[in-house]
There are 2 protein chains.
Amino acid sequence: MVGFALTEKETKYLMLIYRWRIESSSEVRTTDIARFFKVRPATVTEVLRNLTRKKLLVHRPYRDVDLTAKGIKEARKLLRKHRILEVFFSDFLKYDVRRSCFEASKIDYHASTSLINDICRFYGHPRTCPCKKDIFADPSCSNEDVEEE
Amino acid sequence: MVGFALTEKETKYLMLIYRWRIESSSEVRTTDIARFFKVRPATVTEVLRNLTRKKLLVHRPYRDVDLTAKGIKEARKLLRKHRILEVFFSDFLKYDVRRSCFEASKIDYHASTSLINDICRFYGHPRTCPCKKDIFADPSCSNEDVEEE
DNA sequence: CTTAAATTTAGGGAAATCCTAAATCTTGAT
DNA sequence: ATCAAGATTTAGGATTTCCCTAAATTTAAG
């Protein structure tokens, strides 16, 4: 079904690139990513290469990075998981935006899609996270039935 | 504070050994652990050696394994996290025992102690998980903001 | 006391993540 | 237009985690 599998770090990079490139319309540069994750630029280049190999990015060496349609789709799936968790932390535990994001980041990669879907369903398929950013609906998360990933 | 750090797998082994050795009073054998985790006995021996090095187990080669006081303490902490998550899944999403355990297993290692404590507090510091096994109170999770006598 | 079964030891391997040093490319100042 | 400074990539490794096979060792059953 998927055709590729992402490591945890790769998902973090993909989500970050989506937020900057798509949601903030910024140019995404290796150094910025490196600074964000507190790693060396060479490390970023390597991850970029892997995400490119998986057809999620288009990387123009020494220039910039862009998401492919597939990359955008995958990033939205990942961000949906992350943000559904934020909705939960914010509502259930009254966490502020900062903390909701922090705790969601620790488990978003490990939480199963069916778990996320159940939380999503509980909250009536919310369209935005606590900081008002979009949560894109996922076809696997319907209002009626329960299914596996 | 801790003096040791556990890998994810090590926490799984420690919890399993606690469940079998302490909660079920069984002898814990290498082969049983290997069968449970679907790995080769040699792999189990290696993990056992590492847990022993961390002073959590006493391993009598070719014979059996036992938990040290430190190992029991640590296993209870880990199982507390796991079981608090089970309480949540069971209550909030109406998961059955089997599924609560399954989903909890995926994230128990990654959920922060403060997150677990907040869920624990929400549920009034439950003493048992959905399948009635003990949840040992953790000193870091205070009762202070609960109703007084 | 023998030997089959269980276990450990020895020696590796793959994947994920990160690093340094050196090479290469881009860009802005002159 | 040129060229140095800064940004980026390449090359080559290191570490950690987790798992494996083969061979040696120990236990225990008969």
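Residues numbered from 1 in each chain as written. Chains lettered and ligands numbered in written order. Predicted model: local features only at pLDDT ≥ 70, side-chain atom pairs only at ≥ 80, totals over all residues. Heavy atoms only, no water.

To continue, consider the relation of the copies chain A and chain B. Rotating chain A by 180 degrees and moving it 0.1 Å along the rotation axis overlays it on chain B with an RMSD of 0.1 Å. One copy is carried onto the other by what is essentially a two-fold rotation axis. Minimal C-alpha distance to the rotation axis in chain A is attained by A:Ile107, lying at 3.2 Å. When the interface residues of chain A are mapped onto chain B, 95% of them again lie at the interface, so the same face is used by both copies. (Least-squares fit on C-alpha atoms with pLDDT ≥ 70 in both. Contact = heavy atoms within 4.5 Å.)

Another point: the side chain of A:Asp108. Residues and elements named next belong to chain A. Tracing the chain through its elements places Asp108 in the loop between α5 (97-107) and α6 (113-122). Polar side-chain contacts of Asp108 include one of 2.9 Å to the side chain of His82. With near-sequence residues (within four places) excluded, Asp108 lies in contact with Lys12, Met15, Lys81, His82 and Leu85. (Helix = DSSP H or I, 4+ residues; strand = E, 2+ residues; numbered from the N terminus. Polar contact = N/O pair within 3.5 Å; in protein donor to acceptor, adjacent residues only side chain to side chain.)

Applying the stated criterion across every chain yields a total of 22 aromatic pairs over all chains. Measuring from ring centre to ring centre gives 5.9 Å for A:Phe89 and A:Tyr95, while their planes differ by 25 degrees; the resulting arrangement is stacked. You can call A:Tyr95 buried: its relative accessible area is 7%. Feature note: the residues A:Phe88, A:Phe89, A:Phe92, A:Tyr95, A:Phe122, A:Tyr123, B:Phe88, B:Phe89, B:Phe92, B:Tyr95, B:Phe122 and B:Tyr123 constitute an aromatic cluster, connected by ring pairs. A cation over an aromatic ring shows up here: A:Arg99 above the ring of A:Tyr95, its NZ or CZ 4.0 Å from the ring centre. (Phe/Tyr/Trp six-rings, centres within 6.5 Å; stacked < 30°, edge-to-face > 60°. Buried < 20%, exposed > 50% of the residue type's maximum accessible area, 1.4 Å probe, protein only. Lys NZ or Arg CZ within 6 Å of the ring centre and 35° of its normal.)

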